[in-house]
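# Structural overview
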Amino acid sequence: MTQNVTAAPTTGSPSAGEWWRDAVIYQVYPRSFADGNGDGMGDLPGITARLPYLRDLGVDAVWLSPFYASPQADAGYDVADYRAVDPVFGTLADADDLVRETHALGLRFIVDIVPNHCSDRHEWFQEALREGPGSAARDRFHFRAGRGADGALPPNDWESVFGGPAWTRVEDGQWYLHLFAAEQPDFNWDNQDVHDEFRSVLRFWLDLGVDGFRIDVAHGLVKAPGLPDIGHAEQVKLLGKQAVPYFDQDGVHEIYRDWRRILDAYGTGNGTERIAVAEAWTPTVERSALYLRRGELHQAFNFEYLTTGWDAAALRAVIDRSLAAMNAVDAPATWVLSNHDVVRHATRFADGDEVRGLRRARAATLLMLALPGSAYLYQGEELGLPEVTELPDEVRQDPAFFRGSGQDGTRDGCRVPLPWSGERPPFGFGPVEGGPSWLPQPDSWKDLSVAAQTGVPGSTLEFYRRALAVRRAHPALGAGRDIAWVPSPEGVLAFRRTTSAGSFVCTTNLSASPVTVPTPGTLLLASAHVVPGAGPDAAGTVLPADSTVWWAA
Ligand code: NOJ
C-alpha cells in the first residue's frame, strides 16, 4: 500500500469545476453493503467488488460510514484508532485499494470523521483512566467531580442522546461526559492536543486520497463554558428543536475554519477540491447555513427536509427556506430522505400501507433529484427497501435500543444487509447461500434484490438508474441554484428550472387523488404510469396520486 495522493477524477460529475455543488452522493453503510469474506459482516473488499454497480447506478460519489478500528459499541461511531481499519472490515491496504478503484471508475470517495467523541478503548481514554484526576490526559476529555455530599450525582443534568444521563462515574469517583453511549467519551475541544490530533487525522486520510469527510456530530464539539444545567428532563424529545449548551455553540465555527484551510491545501479547483459535509442537527436551516459561510465547510445535511412529511405546503416551505438560506452563503442546498439513523422513507411515508409507501418514496426521490444542489442517497433506497420493523430483540445492536429511555432504538431496521441476488438469505450479501448476515433479512427481499430488479422495466432500481442518467444529461437539472414555482392546484407542487441551454419542469401530486394539470412539456420521466395529454381536458395530463413527473419544457 502507498501513501501517495491519488489524483481525484475529473469525470463523474456534470460540473467538473466544483463537483460537489450538484453531486449525488451515495451512502454506503459498510457492515451492511456486501460481505466479501462470508463472516456475515460487510467489508471493504466486498464494497470494492461492487463498485461497478454504483458507477452504473449513476452516482457521483460514495460516502462510507466509519470502518475504523472500533469495539463497535455504536456500529463503528466509537473509534478506537482513527488511522486503522477494523479487522472486521479489512485492512488499510483494502482501504487504499477501495479509494483507488473508486477513482478509477470516475467516482469520488468520502469518509466519515468522528471528532466529538472516541471509543472508551481509545488509547487516550485508557491513559486518562490510568493517570487519574487532574492529569493532562484527563483534560482531553470532560472529567468532573459529581454533585451531592459524596459526589454520587452526575455533574450536571445533561441527558445522553441515546437516553439516560450523559455522565458515567469511574472508579476514582470522577465522572466523564458522553453525549452518546457510555463507551463514547466526548473530547474536550478546549484542549490543544485534540485540535492537533484531528488535523493529523484529516491529513492522514487526505494523503490516502479521499475526496472529503462527513463530519459526525459536527455541531457538538464545543460545549458552553461551565457546562451549565438545562433545567428539565425533556432534552432528548426536544433535540434539534431547542438550543442546548452542548450543541451548535458558536465556538465550533473556528474549528471548521481551521479544517477548511487544511482541505484547501489539498486542492481548490478543476475538480480537485476535498470537501466536508456537516452532520449538524441544528434547530433551523438558517443555523445550518452558518457552517457554510465563506472559509468554512462545503455542505451540511438538510435534516429539516428529511423530517418533513408528505405534505405539499410543508415541503414547499422547507424547499424555499433551504434555498434562501444556502444561497445567502453561496453554498449548495443538500437534500436527503434516508440514512442509517432514520426509518427508511418508503416506510416513513407509508402511513401503514406499503404500496402507498413505495409510491410516495419514488415520487419523493424524483422531487428531491430535481432540486438544485446536492442529493444524498442511502444504500438500498434504490431497491425500494422498506424499514424492517420486526427484528427480534436478541439480534438488535443499536445502543439506543438498550439504553431505552432515549431514542426509540429502531435504527437497526434501516441497517439490514442489502439483497443482491438469489432465492435464499443472505441474498448474495455474502458469498455463500444460506450463510450468515449480522441482521436477518426478510424472505420477501428475494423479490427486491439487485438481480431481481435489473432490466425489469418499472422496477425501482431501473427507475433510479434512469433518474440519475436524466439528471446528469439534462442541462437545466445540473445547473443553477433557484427554482420558480409554477401555479398549480392544491396538493400539487410544480416548479421550473431554467438555463440558457433549456428548461425543465417538475410536477408532484402529493394528494390522495389524481389531479389534472396543463401538460407542461415533453415527458422525461415519471415515478408512476403517466400518459401525457390524456386528461379529460384534451391539453391536460392526469397526475396520479403520489407521483412526480419530470418534463422538458
Ligand atoms: C450520528 C451518527 O450518524 C449515528 O449513527 C451515531 O450513533 C451518532 N452520530 C454518534 O456518533
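These numbers were taken from a predicted model, which means no experiment stands behind them.

### A short note on the domain arrangement of the protein chain
The figure often quoted for interface size is the accessible area lost as the parts come together. Looking at the assigned domains, one finds that the protein chain contains domain 1 (3-117 + 192-467), domain 2 (123-177) and domain 3 (482-552). Each of domain 1 and domain 2 has a C-alpha centre, and these two points are 31 Å apart. Together, the buried faces of domain 1 and domain 2 total about 1,800 Å²; carbon and sulfur atoms form 55% of this surface. The largest per-residue losses of area from domain 1 upon contact with domain 2 belong to L227, D229 and R403, which jointly make up 32% of the total buried on that side. There are 2 salt bridges connecting domain 1 and domain 2. In this structure, R147 and D229 form a salt bridge, with 3.1 Å as the shortest nitrogen-oxygen distance. Taken together, domain 1 and domain 2 are joined by 10 residue pairs in polar contact (both at pLDDT 80 or more). Within the residue set of the side of domain 1 that touches domain 2, elements represented by two or more residues are α5 (192-208) and α12 (399-403). Across the side of domain 1 that touches domain 2, the residue classes tally to 13 nonpolar, 7 polar and 8 charged.

### Things to note about the sheet that holds strand β6 (residues 143-144)
Taken together, the 3 strands give an open sheet; going across it, the order is β6-β8-β7, and neighbouring strands pair in antiparallel fashion. Both outer strands of the open sheet, β6 and β7 (167-169), are each paired with one neighbouring strand and no more. Strand direction decides the pairing type here: β7 and strand β8 (residues 175-177), joined by 3 bridges, are antiparallel. Paired with T168 across the bridge in β8 is Y176.

### Some remarks on the nonpolar core
Of all hydrophobic cores here, the largest spans 144 residues; its most connected members are Y26, L54, F67, W205, Y256, Y305 and W550. Top contributing element to this core by residue count: α5, with 8 residues. Sequence-distant contacts of Y305, that is, excluding residues within four places in its chain, are made with L315, V318, I319, W335, V336, L337, L367, M368 and L371. Formed by 17 residues, the second largest nonpolar core is a distinct cluster that contains W158, L179, A181 and Y246.

### Looking at the site of the ligand
The local shell around the ligand holds 14 residues, among which D74, R214, D216, H340 and D341 are the closest. The side chain of D74 places a nitrogen or oxygen atom 2.6 Å from an oxygen atom of the ligand. The side chain of R214 places a nitrogen or oxygen atom 2.9 Å from an oxygen atom of the ligand. Expressed as a share of its isolated accessible area of 300 Å², the protein-covered part of the ligand is 97%. In terms of residue class, the shell around the ligand is built from 4 nonpolar, 3 polar and 7 charged.

### Thoughts on unusual backbone geometry
The omega torsion of the bond from P425 to P426 falls at 5 degrees, within 30 degrees of zero and hence cis. Within the secondary structure layout, P426 lies in the loop between α12 and α13 (450-453). Here the phi dihedral of N270 falls at roughly 55 degrees; this positive angle occurs in a residue that is not glycine. On the basis of relative accessible area, N270 is assigned to the exposed category, the value being 66%.

Scoring rules and cut-offs
- Residues numbered from 1 in each chain as written.
- Predicted model: local features only at pLDDT ≥ 70, side-chain atom pairs only at ≥ 80, totals over all residues.
- Heavy atoms only, no water.
- Domains from an automatic or database assignment.
- Buried area = accessible area lost by both parts, 1.4 Å probe.
- Salt bridge = Lys/Arg side-chain N within 4 Å of Asp/Glu carboxyl O.
- Polar contact = N/O pair within 3.5 Å; in protein donor to acceptor, adjacent residues only side chain to side chain.
- Helix = DSSP H or I, 4+ residues; strand = E, 2+ residues; numbered from the N terminus.
- Nonpolar A, V, L, I, M, F, W, Y, C, P; charged D, E, K, R; others polar.
- Pairing = 2+ DSSP bridges.
- Core = buried A, V, L, I, M, F, W, Y, C linked by side-chain atoms within 4.5 Å.
- Buried < 20%, exposed > 50% of the residue type's maximum accessible area, 1.4 Å probe, protein only.
- Contact = heavy atoms within 4.5 Å.
- Near = heavy atom within 4 Å.
- Areas by Shrake-Rupley, 256 points an atom, 1.4 Å probe, with all protein chains shown as cover.

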